[in-house]
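# Architecture at a glance
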Amino acid sequence: MGIKSIIDIVRNFLFNNVNKQFLIFLFFLSISGIFWLVMALNETYEKEYRIPVRITNIPTNVVLTSDEVDTVRVTIRDKGWALIAYQYSDRLHTVNVNFKTYTRNNGSGSVTASELQRIIYAQTPALTSKVSAIKPDKLEFYYNDGAHKRVPVSWTGRVVPEELYFISKVSYSPDSVDVYAPAAMLDSLTTVYTETLNYSDFRDTLTVNCRLAKVRGVKYVPQHVQVSFYTDVLTEESMDAVPITAINMPANKVLRTFPAKVKVKFVTGVSQFKNLQSDQFLVIADYKEIMANPSDKCNIYLKAYPDGISRASLEVNQVDYLIEEDESE
């Protein structure tokens, strides 16, 4: 079948009596649709736009410590066709705020809603457009002259492993970040915290990439850190032969206890227990307390123990003792 035959078949199909009436119907339906669209677009509407705000003309020695790009929500009232033009054009692409115009020379600057409105009007040449609302009602930014310091990172939130497991170690990468802030804020910052972390019911090492918690007027470099939570299996253990150390002893006296070494009970992780040594624990007897309250036995106290163990306690809290003259003196 040739092309001419195909064209004849299509023409005959479209322009027979029945289809001709259908085409006429489609024509008038299209005309009415276009007319309705023109009428609808000529009505007045309100629409909210999210417009990024950029601080411009920043001096080379100045560092913005707030977010360099913020966003304002602007409600514009205008004809439908104008609102569509804003939607699909770059007229409201960015609001540029001149740093030198709005800085207060005290580490901060602000732009009021009325000033933002004036800037937006300059970018909307359609005379019928009207800004009916701007949120927030004031835009603030913070800066400093480049002063910063290195501050350690710490996590915050609730991180709980499965039952019978505990967090034996937490590591950060990086473990410190550079903090830029106005001088008064910079002096008071000693720790930077992560965003709130919430994890539970895990037994293997948990590694989380997270943002640092935002503080108004403070900038972090970098803004993300990696936090790793290492787990271990809980076990009840004890350390035998921890020596008793006498404190506050006169130079010519020696305190002898019976026994000279005691047992310390505690809860820790299986892997950590393998690396514990008795000299990591400190058990003391206080000479001044003994003299103040003479008795057949003296009290002993657990004063120090390694990180990563809990519920540490002595097997006995009192021992026999003898105070002798130090013959080496």
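Report follows, based on the coordinates. Values in this document were obtained by computation on a predicted structure and should not be read as measured data.

### A look at the pairing of strand S21 (residues 318–325)
Bridge count for strand S15 (residues 253–258) against S21 is six bridges, and the pairing is antiparallel. Along S21, the bridge assignment pairs Lys253 with Glu325. Bridge count between strand S18 (residues 297–299) and S21: three bridges; the pairing is antiparallel. Pairing of Lys297 across the sheet is with Asp320, part of S21.

### Points about the sheet that holds strand S8 (residues 148–160)
Taken together, the four strands give an open sheet; going across it, the order is S11-S8-S10-S13, and neighbouring strands pair in mixed fashion. The sheet is open, and its two borders are formed by strand S11 (192–200) and strand S13 (219–221), each paired with just one other strand. Across the sheet, the mean angle from the axis of one strand to that of its neighbour is 40°, orientation sign disregarded. Pairing analysis gives five bridges linking S8 to strand S10 (residues 176–180), with the strands arranged antiparallel.

### A look at the side chain of Thr65
You can see Thr65 is positioned in the loop between strand S2 (63–64) and strand S3 (69–79). Sequence-distant contacts of Thr65, that is, excluding residues within four places in its chain, are made with Tyr142, Tyr143, Asn144, Tyr180, Ala181, Pro182, Gly217, Val218 and Lys219.

### Notes on the sheet that holds S21
In any sheet, the strands associate via hydrogen bonds between backbone groups, in a parallel or an antiparallel arrangement. Read across the sheet, three strands follow the order S15-S21-S18 without closing on themselves; strand pairing throughout is antiparallel. This sheet does not close on itself; its edge strands, each paired only once, are S15 and S18. Averaged over all neighbouring strand pairs, the angle between strand axes comes to 50°, with direction disregarded.

### Quick word on unusual backbone geometry
At the junction of Ser173 and Pro174, the peptide bond is cis and its omega measures out at -5° in the coordinates. Looking at the element boundaries, Pro174 is found in the loop between strand S9 (165–173) and S10. Omega for the bond connecting Val221 with Pro222 falls within 30 degrees of zero, at 0°, which places this linkage in the cis form. Along the polypeptide, Pro222 turns up in the loop between S13 and strand S14 (224–247). Non-glycine residue Asp201 carries a positive phi angle of around 55°. For Asp201, the location among the structural elements is in the loop between S11 and strand S12 (206–211). For Asp201, a relative accessible area of 59% puts it in the exposed group.

### A word on the pairing of S8
Alignment of S8 against S11, held across seven bridges, turns out to be parallel. The residue of S11 that forms the bridge with Val160 is Ser200.

### Observations concerning the pattern of salt bridges
Oppositely charged side chains may form a pair once their charged atoms are brought near each other. Following the criterion strictly, the structure yields ten salt bridges and no others. Among the salt bridges present, the one from Glu140 reaches Arg216, with a minimum N-O distance of 3.3 Å. Taken as a pair, Glu140 in strand S7 (residues 138–144) and Arg216 in the loop between S12 and S13 lie far apart in primary sequence, 76 residues in all. Residue Glu325 is joined to Lys253 by a salt bridge in which the shortest nitrogen-to-oxygen separation is 2.6 Å. Pair noted here: Glu325 is in strand S21 and Lys253 is in strand S15, with a separation of 72 residues, a long-range link. Owing to a relative accessible area of 48%, Glu325 belongs among the partly exposed residues under this scheme. Each member of the salt-bridge network shares a partner with another, and the members are Lys138, Glu140 and Arg216.

### Things to note about the nonpolar core
Membership of the largest hydrophobic core comes to 24 residues, with the highest contact counts inside it found for Val74, Ile76, Val95, Val97, Leu116 and Phe141. Sorting the residues of this core by element identifies strand S1 (44–56), S3, helix H3 (80–88), strand S4 (95–98), helix H4 (99–102), helix H5 (113–123), strand S6 (130–135) and S7 as the ones contributing at least two each. Broken down by element, this core gets its largest block of residues, four residues, from S1. Formed by 20 residues, the second largest nonpolar core is a distinct cluster that contains Val177, Phe202, Leu206 and Cys210.

What counts and how
- Residues numbered from 1 in each chain as written.
- Predicted model: local features only at pLDDT ≥ 70, side-chain atom pairs only at ≥ 80, totals over all residues.
- Heavy atoms only, no water.
- Pairing = 2+ DSSP bridges.
- Helix = DSSP H or I, 4+ residues; strand = E, 2+ residues; numbered from the N terminus.
- Axes fitted to C-alpha atoms, helices over the stretch in contact; angles between N-to-C directions.
- Contact = heavy atoms within 4.5 Å.
- Buried < 20%, exposed > 50% of the residue type's maximum accessible area, 1.4 Å probe, protein only.
- Salt bridge = Lys/Arg side-chain N within 4 Å of Asp/Glu carboxyl O.
- Core = buried A, V, L, I, M, F, W, Y, C linked by side-chain atoms within 4.5 Å.

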